[in-house]
Structure formats: structure tokens, C-alpha cells
Amino acid sequence: MEGFGGQLPFILLIFVVMYFFMIRPQMQKAKKEKKFAEELKKGDRVVTKSGLHGKVFDFSEKNNAVVIETGAGKLTFDKSAISLEMSQKLNAPPAEKKK
């Protein structure tokens with residue numbers, strides 16, 4: 001049993017490293033995405049995770065969905081289908097080009 005006692009700190013270290021490099025960042029990302037979905041308002045330009053670009057037209061609180069107006073018409077998507085990263089890139093001010 002003495003061999004396991006020497007390995008215990010190493011095993012605990014592995015779990016601590018996994019928490020800080022894998023689990024915690026994923027939880028923070030999920031929290032940001034939830035906050036982003038709750039703060040959506042009519043007229044916001046968004047991109048879905050499948051790549052569809054559009055503008056928020058209406059909300060369906062009963063279904064936890066959002067109606068997006070696109071060039072092809074109006075489509076209903078679940079709020080979780082809206083991509084935080086791609087929508088932020090779409091709405092970011094254009095960067096100045098260096099000459």
C-alpha cells in the first residue's frame with residue numbers, strides 16, 4: 001500500500017490541472033453564452049452556429065426560441081443555436097487596415 005500513498009499527490013495534481021484547464025473554462029464559456037442569449041433584443045444582428053446570418057425579429061418565450069429574419073424569410077431557432085463568438089465578430093467595428 002505504500003506505493004499508492006506516493007502516487008496520491010500526483011493523481012490529485014492531475015485532477016486539479018484538468019479542472020483549471022478543461023472544466024472551468026468550459027463552465028465560464030457556457031455562462032457567457034447564456035448571458036448573451038438572455039440579452040438578445042430585436043434588431044440585433046446574429047449568426048447561428050450553423051452559419052446562418054440574420055437579424056433578430058421576434059422572440060418565443062414559450063419555446064425559448066428566437067425568430068431570425070434572413071434574406072430567405074423568417075426562421076425560428078432555439079436561443080442556444082445563436083453563436084456568441086461569430087455574432088460578436090459580425091457586430092465588431094471594422095479594424096483599421098495598416099498601410
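Everything numeric in this text was worked out from a predicted model, so none of it was measured. (Residues numbered from 1 in each chain as written. Predicted model: local features only at pLDDT ≥ 70, side-chain atom pairs only at ≥ 80, totals over all residues. Heavy atoms only, no water.)

Engineer: Tell me about the overall build of the protein chain, and name the residues and values.
Structural biologist: Regarding its fold elements, the protein chain presents two helices and four strands. For the protein chain, the sequential pattern of α-helices and β-strands runs α-β-β-β-β-α. Computed over its C-alpha atoms, the radius of gyration of the protein chain comes to 21 Å, more than 25% above the 13 Å expected for a compact globule of 99 residues. Principal-axis analysis of the C-alpha atoms places the extent of the protein chain at approximately 70 × 50 × 20 Å. By the burial criterion, 20% of the 99 residues in the protein chain qualify as buried. Pairs at least 24 residues apart make up 33% of the contacts formed inside the protein chain by residues separated by at least 6 positions. Of the roughly 8,100 Å² of accessible surface on the protein chain, a fraction of 60% belongs to carbon and sulfur atoms. Across the protein chain, the mean location of the 18 positive side-chain charges is 6 Å away from that of the 11 negative side-chain charges. (Helix = DSSP H or I, 4+ residues; strand = E, 2+ residues; numbered from the N terminus. Rg over C-alpha atoms; globule rule 2.2 N^0.38 Å. Buried < 20%, exposed > 50% of the residue type's maximum accessible area, 1.4 Å probe, protein only. Contact = heavy atoms within 4.5 Å. Areas by Shrake-Rupley, 256 points an atom, 1.4 Å probe, with all protein chains shown as cover. Lys, Arg positive; Asp, Glu negative; His and termini not counted. Charge placed at Lys NZ, Arg CZ, Asp CG, Glu CD.)

Engineer: Can you break down the pairing of strand β4 (residues 73-78) residue by residue, with the values?
Structural biologist: Where strand β3 (residues 65-70) lies against β4, six bridges are found, and the strand directions are antiparallel. From the neighbouring strand, Val67 faces β4, where its bridge partner is Thr76. Hairpin geometry of β3 and β4 is characterised by an intervening segment of two residues between the two adjacent antiparallel strands. (Pairing = 2+ DSSP bridges.)

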